[in-house]
Amino acid sequence: MKKFNGGKNGNEGFYLSPNHPKVNSYLLSVFKDLIENYNLDGLHLDYVRFHNSGYGQNPSAVAYYQKLKGLKAFSTTGLDASHMIEWSNYRRKSVTDLVRETKSMIETVRPKMVLSAAVKPNLYQARERYYQEWDVWLAAGYVDWVVPMNYSPNMREFSRNISVINDHFTKKYRDKIIMGIAIYNQDPIDAAKKVKYSIDERFIGISVFSYNQMKRNSDYSILFD
């Protein structure tokens, strides 16, 4: 568990590292309790990633990795390129394992329930910086929907993220990718342009973040006119 200082009060919260040997099993037990005891239509995974590439270095995870690989000693500092790739792959796999095992559990307990995940919008950054290989999740059927958090107010960056998605996915995945658009950092007209652009690119599902902003400013009703 690692604390991240970034919220208004200096503390955004705590992060559980999926490469810690006890974290994924704990989270799966929480998910199973929710699914078995509540009539849920779906489970949405937010922050199902590392906070950035510098995370996942907790002593328990490092010790487990060292034992798993049969290493006499292992340090995450000063790694050469080949060892860095292997260490990154291990952390990436730990996130994918959580998603895959969650889907498997849902199919056993409540097979009609939907599993979705909020994901970083740039596939390359998602994979290399946050260890979130959501293209694999979608292609393998580990999730039913993904919501790329394409929150940049800059249209060029917004459209570039969509171009990367288009390069990686065929049209059959369009109804499984719900385009996330922010309204907290741009005016209604700019947000509406991004909604239109997403629809023009054949993304029929749109997720607007966040509802609180729509409550505060009725001008955002333009998004649904």
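Higher on the page you've got the structure.
A short tour of the structure in this document, coming up. Residue positions within a chain follow its written sequence, with the count starting from 1. In view of the model being predicted, local features appear only for residues whose pLDDT reaches at least 70, and side-chain atom pairs are presented and counted only at 80 or more, with totals across whole chains, interfaces and linings using the full set of residues. Excluded from the side-chain calculations are hydrogens and water; all other atoms, namely the structure's heavy atoms, are used.

Focus on the overall build of the protein chain
Formally: Labels follow the DSSP assignment, with helices taken as runs of H or I lasting at least four residues and strands as runs of E lasting at least two, numbered in each case from the N terminus. We compute the radius of gyration over the C-alpha atoms and compare it with the globule rule, which gives 2.2 Å times the number of residues raised to the power 0.38. With a 1.4 Å probe rolled over the protein chains alone, any residue whose accessible area is under 20% of its type maximum counts as buried; one over 50% counts as exposed, and the rest are partly exposed. Residue contacts are defined here by distance: any two heavy atoms, one from each residue, within 4.5 Å place the two residues in contact. To measure how exposed things are, a 1.4 Å probe is used in the Shrake-Rupley method; for residues, cover is taken only from the protein chains shown. Lys and Arg are tallied as positive, Asp and Glu as negative. Neither His nor the chain termini are counted. The atoms used to mark charge sites are NZ of Lys, CZ of Arg, CG of Asp and CD of Glu.
Looking only at helices and strands, the protein chain has eight helices and seven strands in total. The C-alpha radius of gyration computed for the protein chain amounts to 19 Å, which stays within 12% of the reference 17 Å derived for 225 residues, consistent with globular compactness. Classification of the 225 residues of the protein chain by burial places 41% in the buried group. Pairs at least 24 residues apart make up 72% of the contacts formed inside the protein chain by residues separated by at least 6 positions. A total of about 12800 Å² of accessible surface is found on the protein chain, and carbon and sulfur atoms cover 51% of it. Taking the average place of the 31 positive charges on the side chains of the protein chain and the average place of its 23 negative ones, the gap between the two points comes to 4 Å.

Things to note about the sheet that holds strand β4 (residues 114-119)
As a reminder, the rule being used: Strand pairing requires that DSSP identify at least two bridges connecting the strands. Note on geometry: axes are lines fitted to C-alpha atoms, helical ones only across the stretch in contact, with angles between N-to-C directions running from 0 to 180 degrees.
Pairing within the open sheet is parallel, and its three strands lie in the order β3-β4-β5. Sheet topology places β3 (42-45) and β5 (145-148) at the edges, where each strand pairs with a single neighbour. Taking the axes of each pair of neighbouring strands and ignoring which way they run, one obtains an average angle of 20° across the sheet. Pairing of β4 with β5 involves four bridges; the strand directions are parallel.

Details of a nonpolar patch on the surface
Put simply, the test is: Any residue with relative accessible area above 30% and no salt bridge may belong to a patch, with like charges joined within 9 Å and the nonpolar Val, Leu, Ile, Met, Phe, Trp and Tyr side chains within 5 Å. Put simply, a salt bridge is a Lys or Arg side-chain nitrogen that is within 4 Å of an Asp or Glu carboxyl oxygen.
Residues Leu-16, Tyr-26, Val-30, Leu-34 and Tyr-38 make up a contiguous nonpolar surface patch of roughly 440 Å² in combined accessible area. Its location among the elements puts Tyr-38 in the loop between α1 (23-37) and β3.

Details of the packing of aromatic side chains
In this description, an aromatic ring pair is defined by two values, namely the gap between the centres and the angle between the planes. Rule in force here: Pairing of aromatic rings covers Phe, Tyr and the six-membered ring of Trp, with a centre-to-centre limit of 6.5 Å; geometry is then stacked below 30 degrees between planes, edge-to-face above 60, and tilted otherwise.
Across all of its chains, the model carries 12 aromatic pairs by this definition. With centroids separated by 6.2 Å and ring planes inclined at 70°, the aromatic side chains of Tyr-15 and Tyr-55 adopt a geometry described as edge-to-face. Placement of Tyr-15 in strand β2 (residues 13-15) and of Tyr-55 in the loop between β3 and α2 (59-68) is noted, with a sequence separation of 40 residues between them. With respect to class, Tyr-15 is no different from Tyr-55; both count as buried. One aromatic cluster is present, formed by Tyr-15, Tyr-47 and Tyr-55 through successive ring pairs.

Observations regarding the pattern of salt bridges
Applying the stated rule across the entire model yields nine salt bridges. Residues Lys-103 and Asp-144 are paired through a salt bridge, measuring 2.9 Å at the closest nitrogen-oxygen approach. You can see Lys-103 sitting in helix α3 (residues 81-109) and its partner Asp-144 sitting in the loop between α5 (134-140) and β5, a full 41 residues away along the chain. Owing to a relative accessible area of 22%, Asp-144 belongs among the partly exposed residues under this scheme. The closest approach of N and O atoms between Asp-200 and Lys-196, which form a salt bridge, is 2.9 Å. Here the residue Asp-200 and the residue Lys-196 both occupy positions in helix α7 (residues 188-200), the gap between them amounting to four residues, near one helical turn. The class for Asp-200 is partly exposed, based on a relative accessible area of 40%. A single network of salt bridges, built from pairs that share partners, joins Lys-93, Asp-97, Arg-100 and Glu-101.

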